[in-house]
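Each chain is listed here by its residues.
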Amino acid sequence: MKPAVAVMARVPGAMPVKSRLHGALTAERATALYRCVLLDRLDALARAARTLADGAADVVLGPCDDGGDYLVGVRVSRPALFEDIPWSTDAVLATTLARARTLGARVVTLPAWFDVDTDDDLVRLHTAMRAAESPPARTFAFVEAPYG
């Protein structure tokens, strides 16, 4: 069985995105940032799907620093991995990791990420992009434009 992935995202431009940033960025710039981050995350997803397809892992998780995750990939159907998860809390990642261990799944964890919703988050994003050895190309280009 080939790995399958689902991406839950808003279509950039079809509706307002990153509205909490509209005080710091115009709606158009907030949409552009969302598009950059989404496309860079999809690139990460593609790498996670090669990891799953070659059998190097049963589960791939992209952790968020708020205790959630930005990506979950599974090599085979594992509905139990998603049962009774305290969604939208800071316990999502820990609960998912514990569940994966209980199921005997081999887990690969991707680099951590964070939400960008405030002015401080924009500064943090810029700092993270500058510090990264190989930053996500689109997001890096975005943050360099207003700050560079």
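Residues numbered from 1 in each chain as written. Predicted model: local features only at pLDDT ≥ 70, side-chain atom pairs only at ≥ 80, totals over all residues. Heavy atoms only, no water.

Roughly 340 Å³ of volume is contained in the second largest pocket. If you go around the second largest pocket, you meet 16 residues; those closest to its centre are Arg41, Arg47, Pro111, Ser134 and Pro136. Of all the secondary-structure elements, those providing two or more residues to the lining of the second largest pocket are helix 1 (27-53) and helix 3 (119-131). No other element matches the 5 residues that helix 1 contributes to the lining of the second largest pocket. Grouping the constituent residues of the lining of the second largest pocket by class yields 11 nonpolar, 1 polar and 4 charged. (1 Å grid on protein atoms, 1.4 Å probe; cavity = no way out; pocket = protein on both sides within 12 Å on 5 of 7 lines; lining within 4 Å. Points joined across faces, edges and corners; volume = space filled by probe spheres on them. Helix = DSSP H or I, 4+ residues; strand = E, 2+ residues; numbered from the N terminus. Nonpolar A, V, L, I, M, F, W, Y, C, P; charged D, E, K, R; others polar.)

Let's shift gears to helix 2 (residues 92-102). Among the residues of helix 2, those classed as buried are Val92, Leu93, Thr96 and Ala100. All buried residues of helix 2 project into a common sector of 90° when viewed along the axis, lining one side. Exposed and facing more than 90 degrees away from the buried side of helix 2 are Arg101 and Thr102. Residues of helix 2 that are buried sit in contact with strand 1 (59-63), strand 2 (69-74) and strand 3 (107-109). Two residues or fewer after helix 2 comes Gly104, characterised by a positive phi angle close to 75°. (Buried < 20%, exposed > 50% of the residue type's maximum accessible area, 1.4 Å probe, protein only. Arc of directions from axis to C-beta. Contact = heavy atoms within 4.5 Å.)

Backbone hydrogen bonds are what pair the strands of a sheet, in a parallel or an antiparallel way. Taken in spatial order, the 3 strands line up as 2-1-3 in an open sheet, and their pairing is mixed. Either end of the sheet is taken by a strand with one partner, and the two such strands are strand 2 and strand 3. The average undirected angle you get between the axes of adjacent strands in this sheet is 15°. Two strands pair when backbone bridges link them, and strand 1 and strand 2 are joined in this way by 5 bridges, in the antiparallel orientation. For Val60, the partnering residue across the bridge sits in strand 2 and is Gly73. Running at roughly 30° to strand 2, helix 1 makes contact with strand 1, strand 2 and strand 3 of the sheet. Contacts between helix 2 and the sheet are confined to strand 1, strand 2 and strand 3, with strand 1 contributing the most and set at about 165° to the helix. (Pairing = 2+ DSSP bridges. Axes fitted to C-alpha atoms, helices over the stretch in contact; angles between N-to-C directions.)

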